[in-house]
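# Chains, contacts and geometry: an overview
Residues per chain, in single letters:
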Amino acid sequence: MNILLINPNTSVEVTEKLSNAALRVKSDGTNLICETARYGVPYISTRSEALIGGTAMMEILAEKHDEIDAAIVAAFGDPGLGAARELFDVPVVGLAEAGMLTACMLGGRFSIVSFSETLRPWYLECVAWHRLEARCASVRTLTGGFQSIGNVQEEKEDLLVALAQAAITEDDADVIVLAGAPLAGLAQKVRGRIPVPVVDCAEAAMAQAETLARLNVRAPIEGSFRRPVAKPTVGMTSALAERIAGAR
């Protein structure tokens, strides 16, 4: 089984953290292929950046989809997830969706905890897009800046643990979802310090991608994610243009 993990951010350090977290839970015999966006921003925190990251992700997926059994969109807001499901036949899993749905199987309501207040509006919209508002107790984010996106989880670990505790005591959260690709792997370090289940979204996405690939469910012929009508394009990468034109 080949699973493609695409980081829509440009930070190679973040891709490494995502890869390490996914490798911890992958099955024997599964091959994890990791790719980093070739353009965009080091970490996505706004709607405009998500649009750019989603396009970068789609270009990589267009090049690799024939070689894989499932793909992971490895940014918490799931940029481009719906578009990828519409255009490609392999299962595509979003980091946020996998983390939140896993949390729904561990408790009644979950809280999302992350490292930057700029992420909150986008994350709230992500919760709504996945129709999980009723299961989301809160979206809590830290205030203030940080020194490096590659080391933000180490820098902010204690503050994130305190934020998770506040979500439990003040928001009645049954599960904590550590949100944001730069926090991949942090759950392993802090689970002993937080008195409810803590979900690592990279781990959840890897496990879910393998599960969907094994189920071998057919791509939709009808429904909201059915393949779009073929169209010509202008100025796009060749692999994505061919996919949209129906040639692949």
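Described below are features of the structure shown in this document. These numbers were taken from a predicted model, which means no experiment stands behind them.

## A short note on the sheet that holds strand S1 (residues 2–7)
Strand order across the open sheet formed by 4 strands is S2-S1-S3-S4, with parallel pairing between neighbours. Bordering the open sheet on either side are strand S2 (31–36) and strand S4 (92–94), each of which pairs with just one other strand. Ignoring which end each strand starts from, the neighbouring axes of this sheet average 20° apart. Sheet topology note: the S1/strand S3 (residues 70–73) ladder contains 4 bridges and is parallel.

## Side note on the nonpolar core
Grouped together as the largest cluster of nonpolar side chains are 65 residues, with contacts concentrated most on Phe110, Ile112 and Ile176. Residues in contact with Phe110, not counting those within four places in the same chain, are Met100, Ala103, Cys104, Leu132, Arg135, Cys136, Ala137, Ser138, Ala173, Val175 and Val177. Among the nonpolar cores identified, the runner-up in size contains 18 residues, and Leu4, Ala62, Ile68 and Ala239 belong to it.

## Topic: the packing of aromatic side chains
This structure, assessed with the given rule, holds 5 aromatic pairs. Taking 5.8 Å as the distance between ring centres and 55° as the angle between the ring planes, the aromatic pair formed by Tyr43 and Phe115 counts as tilted. Taken together, the residues span a long stretch of sequence, with Tyr43 in the loop between S2 and helix H2 (47–64) and Phe115 in the loop between strand S5 (110–114) and helix H5 (120–129) at a distance of 72 residues. Owing to a relative accessible area of 2%, Phe115 belongs among the buried residues under this scheme. Following the ring pairs from residue to residue traces out a cluster consisting of Tyr43, Phe115 and Phe146.

## Re the side chain of Ser11
Relative to the elements of secondary structure, Ser11 occurs in the loop between S1 and helix H1 (12–25). Ignoring sequence-local partners within four residues, the contact set of Ser11 consists of Thr36, Pro42 and Ile149.

## Side note on the pairing of strand S7 (residues 175–178)
Here S7 shows two buried faces, one formed by Val175 and Val177 and the other by Ile176 and Leu178. Of the pairings in the sheet, the one linking S5 to S7 comprises 4 bridges and is parallel in character. Paired with Ser111 across the bridge in S7 is Ile176.

## Describing the sheet that holds strand S8 (residues 198–200)
Reading across from one edge, S6-S5-S7-S8 is the order of the 4 strands in this open sheet, with parallel pairing throughout. Looking along the sheet, the strands with just one partner apiece sit at the ends: strand S6 (136–141) and S8. Here the average twist between neighbouring strands, direction ignored, is 25°. Each of S5, S7 and S8 is contacted by helix H4 (residues 95–104), which is oriented at about 145° to S5, the strand it contacts most.

## Remarks on unusual backbone geometry
Generally, phi is negative for residues other than glycine and the peptide bonds are trans, each holding for most cases. Its identity as a non-glycine residue notwithstanding, Arg131 has a phi of 60°, on the positive side. Along the polypeptide, Arg131 turns up in the loop between H5 and S6. A positive phi is found at Asp172, a non-glycine position, where the angle reads about 60°. Turning to its location among the elements, Asp172 is positioned in the loop between helix H6 (152–171) and S7.

## With respect to H6
Taking 1.5 Å per residue as the helical rise, H6 with its 20 residues ought to reach 28 Å, whereas the 25 Å between its terminal C-alpha atoms falls clearly short. At Asp158, H6 shows its largest kink, close to 50°. Regarding H6, the residues found buried are Val152, Gln153, Lys156, Leu160, Val161, Leu163, Ala164, Ala166, Ala167, Ile168 and Asp171. Those residues of H6 hidden inside the fold are in contact with H1, S5, S6, S7 and helix H7 (186–190). Just downstream of H6 lies Asp172, where phi reads positive at about 60°.

## As for the pattern of salt bridges
In the structure shown here, the tally under the stated rule is 15 salt bridges. Here Lys189 makes a salt bridge to Glu154, at a shortest N to O gap of 3.6 Å. Residue Lys189 is located in helix H7, and its partner Glu154 is located in helix H6; the two are separated by 35 residues in the primary sequence. The network of salt bridges with common partners includes Lys17, Glu154 and Lys189.

Definitions and cut-offs
Residues numbered from 1 in each chain as written. Predicted model: local features only at pLDDT ≥ 70, side-chain atom pairs only at ≥ 80, totals over all residues. Heavy atoms only, no water. Pairing = 2+ DSSP bridges. Helix = DSSP H or I, 4+ residues; strand = E, 2+ residues; numbered from the N terminus. Axes fitted to C-alpha atoms, helices over the stretch in contact; angles between N-to-C directions. Core = buried A, V, L, I, M, F, W, Y, C linked by side-chain atoms within 4.5 Å. Buried < 20%, exposed > 50% of the residue type's maximum accessible area, 1.4 Å probe, protein only. Contact = heavy atoms within 4.5 Å. Phe/Tyr/Trp six-rings, centres within 6.5 Å; stacked < 30°, edge-to-face > 60°. Expected span 1.5 Å × (residues − 1). Bend = angle between axes of the 7 residues up to and from the residue. Salt bridge = Lys/Arg side-chain N within 4 Å of Asp/Glu carboxyl O.

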